[in-house]
Amino acid sequence: MVKDVKQYEKIVALDSNQRMVSIGSITGIQFDLRYATTNNFTHQQLYPRIGYSYLRLAAAKALDKVQGECTAKGYSLKIFDAYRPYSVSQKMWTLIHDERYVANPVNGSGHNRGTTVDLTLVDLATGKNVDMGTDFDNFTDSAHHDFKNLPENVLKNRKFLRETMEKYGFKALETEWWHYSFGNSKEYNVMDLSFRDLKKWAHR
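Residues numbered from 1 in each chain as written. Predicted model: local features only at pLDDT ≥ 70, side-chain atom pairs only at ≥ 80, totals over all residues. Heavy atoms only, no water.

A. Quick look at helix α1 (residues 5-14). When we look at burial in α1, the residues that qualify are Y8, I11 and V12. Angularly, the buried residues of α1 cover 95 degrees about the axis, an arc narrow enough to put them on a single face. Facing away from the buried side of α1 by more than 90 degrees, the exposed set consists of K6, K10, A13 and L14. The N-cap residue of α1 is D4: its side-chain oxygen and the backbone nitrogen of K6 are 2.8 Å apart. (Buried < 20%, exposed > 50% of the residue type's maximum accessible area, 1.4 Å probe, protein only. Helix = DSSP H or I, 4+ residues; strand = E, 2+ residues; numbered from the N terminus. Arc of directions from axis to C-beta. Polar contact = N/O pair within 3.5 Å; in protein donor to acceptor, adjacent residues only side chain to side chain.)

B. The UniProt feature "site: Transition state stabilizer" (unreviewed entry) in the chain, seen in detail. In this numbering, the UniProt entry assigns the feature "site: Transition state stabilizer" (unreviewed entry) to R84. In this structure, R84 sits in the loop between β4 (75-81) and α3 (86-95). Take R84: its relative accessible area is 7%, and that puts it in the buried class. In this structure R84 touches Y35, Y47, S89, M92, H111, N112, D118 and M191, once residues within four positions along its chain are discounted. (UniProt positions renumbered as here; feature names shortened; annotations may be inferred. Contact = heavy atoms within 4.5 Å.)

C. Just the UniProt feature "active site" (unreviewed entry) in the chain, in detail. UniProt feature "active site" (unreviewed entry): in the numbering of this structure it lies at E176. Within the element layout of this structure, E176 appears in strand β8 (residues 176-182). What makes E176 buried here is its relative accessible area of 3%.

D. Quick peek at unusual backbone geometry. You will see that H43, though not glycine, has its phi angle at about 60 degrees, which is positive. Position of H43 relative to the elements: it lies in the loop between β2 (30-31) and β3 (54-56). The class for H43 is exposed, based on a relative accessible area of 63%. A positive phi is found at D137, a non-glycine position, where the angle reads about 55 degrees. Positionally, D137 belongs in the loop between β6 (128-129) and α5 (152-167).

Pasting the structure below:
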């Protein structure tokens with residue numbers, strides 16, 4: 001596990017693809033980072049009040065392509081979560097011991113590795129979130145991709161998001177319509193670096 005910036009710097013020096021980059025630089029992308037507020041399933045603020053997040057370089061490049069295609073079709077991506085420090089995952093696990101919805105800290109997660117993003121779509125014409133049938137972090141069957149007892153427009157919206165994400169190398173989590181992981185997360189270390197540490201490093 002990477003807990004120290006100097007350790008992280010050594011890893012990046014050997015392989016630039018290990019670099020974490022801000023996805024706030026993606027043109028037009030929007031943020032609603034729920035864990036930086038109390039509007040989440042824990043009802044606790046788990047992150048500092050930030051308006052940005054990070055992914056590994058390859059995942060960020062792929063997300064930029066997704067955003068470009070969505071924008072051309074009248075939508076924008078809105079990010080609920082991306083990089084998540086390992087210590088935050090530990091806090092979540094104490095509240096929900098269900099690996100369908102919360103990663104077991106023993107294994108680490110794609111969020112801890114900077115390869116996973118939680119997101120939705122925004123209609124650029126109205127500025128409103130596209131209807132996906134449930135809110136983010138809805139721990140019921142209705143959030144599953146194979147749940148079909150939903151209005152046709154909701155199924156269509158989920159299908160569009162999934163097909164666009166998968167086109168650029170992301171893989172859906174079947175129990176959460178908002179959750180996508182890029183590539184092989186096992187190629188990256190679990191990290192417990194703070195957002196402050198990453199921000200300082202990224203702007204050096």
